[in-house]
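In case you want the letters, here they are:
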Amino acid sequence: MRPVESMAGLPTPASISIWWNAGSILGILLGIQIVTGLFLSMHYTADLVNTFNSVIHIMRDTPGGWLFRSIHANGASFFFLFMYLHIGRGLYYQSYISQPRTWMVGVTILLVSMGTAFLGYVLPWGQMSFWGATVITNLLSAIPYLGPSVVEWVWGGFSVGQSTLNRFFSLHFILPFLIGGLSGLHVLFLHEKGSTNPLGNLNHVSKIPFHPYFSWKDLVGFLVLFMMLALIALFYPTLLTDPENFICANPMVTPVHIQPEWYFLFAYAILRSIPSKLGGVVALAMSVVILYFFPLAVSKAAVPAAFTPPYQVLYWIFILIFILLTWLGACPIEEPYLTLAGPSTVLYFTLIVVLISTPALWKKVL
């Protein structure tokens, strides 16, 4: 009972808003993904001949299989939606200043989650799964000298095939447990100093016990999540699914427009906006890895976002650019989308650099 008592009595800032609910919601979603994925793996076959049919078998013949798969597939989208909201809240209120280690682990969770989601997208072995795997793994060939060998090593052969599917299935099964471990570390670091608040103040004077004030608020968040997930899973299960993935993988027929899931589109747009293959891969990686630099580059004496109007304005411009890149990633590779993608990519990285430096500069102005 000791850990439960310490959690219930955890000093929590009285001024935190609904935006702080995303962290606990992500924990619930991770549990849902692991449980549904475990049951799906019992009926899934990682065999080129039977893989696509095994997914159809899960949907049509296995009792409750359609529900588990619908929750699992759409749960991934909800997981990234709330993860982006969670990161966005951390950026806006500059949580990385007072909680640098928590932030670093959080960015690592994002990277591992992206890898896990990509591996899972390949498993149904539809057209978009196969060609998405081919395109993304081929990016490794941009690595100087070692590229072609690394690609063959990842494939387990000379093309995406049986060996690729086997290893992707194994990794997709094991990585969520790594995410769970990192999440535990994330919470451990968070509780060292406690949650931040809109004012960026960690003083215990303005804190109250976690239970019952915030446990009930979290419960309301869970109910809203369950209603949203039920709405999508039961009424619009294919809303976020590419129609091409209802066709069995065919190496001889390339889809007209290859694109990843919506939560990768911003990075995909950045990749496509750069003519150089190596440059595009580096920009793709840096679009997420650059988040590691926030706690390293920001001074602890920086003014909180609540008192930095320029930071707030730049932050919302950055959000608009992120949404624009997500839209461009889903657009065909033609004009005017290609022309728009270049400046948007430059703005994306420029705004991140400016966001890192604005709080410290504002401190000097004041």
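Residues numbered from 1 in each chain as written. Predicted model: local features only at pLDDT ≥ 70, side-chain atom pairs only at ≥ 80, totals over all residues. Heavy atoms only, no water.

Counting its regular elements, the protein chain contains 15 helices and two strands. Computed over its C-alpha atoms, the radius of gyration of the protein chain comes to 22 Å, within 12% of the 21 Å expected for a compact globule of 366 residues. Along the first, second and third principal axes, the C-alpha atoms of the protein chain reach 65 × 50 × 35 Å. Across the 366 residues of the protein chain, 46% fall into the buried class. In the protein chain, of all internal contacts separated by at least 6 residues, the share reaching a separation of at least 24 is 79%. (Helix = DSSP H or I, 4+ residues; strand = E, 2+ residues; numbered from the N terminus. Rg over C-alpha atoms; globule rule 2.2 N^0.38 Å. Buried < 20%, exposed > 50% of the residue type's maximum accessible area, 1.4 Å probe, protein only. Contact = heavy atoms within 4.5 Å.)

Below, the discussion takes up the domain arrangement of the protein chain. Taken domain by domain, the protein chain comprises domain 1 (3-252) and domain 2 (259-365). Tallying the contact residues gives 35 residues for domain 1 and 34 residues for domain 2. Counting each side, the surface lost to burial between domain 1 and domain 2 is near 3,200 Å², with a carbon and sulfur contribution of 72%. Counting across the interface, domain 1 meets domain 2 through zero salt bridges. The interface formed by domain 1 and domain 2 contains nine residue pairs in polar contact (both at pLDDT 80 or more). Sorting elements by how many residues they give to the side of domain 1 that touches domain 2 places helix α6 (residues 100-122) first, with 11 residues. (Domains from an automatic or database assignment. Buried area = accessible area lost by both parts, 1.4 Å probe. Salt bridge = Lys/Arg side-chain N within 4 Å of Asp/Glu carboxyl O. Polar contact = N/O pair within 3.5 Å; in protein donor to acceptor, adjacent residues only side chain to side chain.)

This brings us to the UniProt feature "binding site: heme b b566" (unreviewed entry) in the protein chain. The residues that UniProt annotates with the feature "binding site: heme b b566" (unreviewed entry) are His86 and His186. Taking the farthest pair of C-alpha atoms as the criterion, the annotated set spanning 101 residues converges on one region, since that pair is 13.0 Å apart. Secondary-structure assignment places His86 in helix α4 (residues 65-92). Overall, the relative accessible area of 19% leaves His86 in the buried class. Those residues in contact with His86 that lie beyond four places of it in its chain are Ala22, Gly23, Leu26 and His186. Along the chain, His186 falls in helix α9 (residues 162-193). In this view, His186 contacts His86, Thr102, Val105, Gly106 and Ile109; residues no more than four positions away in its chain are not counted. (UniProt positions renumbered as here; feature names shortened; annotations may be inferred.)

Here the focus is the UniProt feature "binding site: a ubiquinone" (unreviewed entry) in the protein chain. The UniProt record annotates "binding site: a ubiquinone" (unreviewed entry) at His191. Looking at the element boundaries, His191 is found in helix α9. Looking at His191, the relative accessible area reads 27%, which means it is partly exposed.

Note on pairing: side chains with opposite charge can pair once their charged atoms come close. This structure, assessed with the given rule, holds one salt bridge. Glu192 serves as the salt-bridge partner of Arg101, at 2.4 Å between the closest nitrogen and oxygen. Remark: Glu192 occurs in helix α9 and Arg101 occurs in helix α6; sequence separation between them is 91 residues.

Applying the stated rule across the entire model yields 28 aromatic pairs. Here Tyr96 and Phe294 contribute two aromatic rings whose centre-to-centre distance is 5.1 Å and whose plane-to-plane angle is 55°, an arrangement assigned as tilted. You can see Tyr96 sitting in helix α5 (residues 95-98) and its partner Phe294 sitting in helix α13 (residues 293-297), a full 198 residues away along the chain. Here Tyr96 matches Phe294 in class, with each residue buried. Aromatic rings pair up to connect Phe79, Phe80, Tyr84, Trp262, Tyr263, Phe264, Phe266, Phe318, Phe322, Tyr348 and Phe349 into one cluster. (Phe/Tyr/Trp six-rings, centres within 6.5 Å; stacked < 30°, edge-to-face > 60°.)

This next bit is on the environment of Pro260. Note on placement: Pro260 falls in the loop between α10 (213-235) and α11 (265-273). Considering only alpha carbons, one finds Pro260 and Tyr121, 139 residues apart in sequence, at a separation of 8.7 Å. Setting aside its immediate chain neighbours within four residues, Pro260 contacts Leu265 and Tyr268.

Moving on: unusual backbone geometry. Residue Pro336 is reached from Glu335 by a cis peptide bond, and omega for that bond is 5°. Locating Pro336 in the fold gives a position in the loop between α14 (309-330) and α15 (337-365). The residue Trp125 is not glycine, and still its phi comes out positive at about 60°. Mapping Trp125 onto the fold places it in the loop between α6 and α7 (127-138). You can call Trp125 buried: its relative accessible area is 5%. Not every positive phi belongs to a glycine, and Tyr145 is a case in point at roughly 70°. Take Tyr145: its relative accessible area is 82%, and that puts it in the exposed class.

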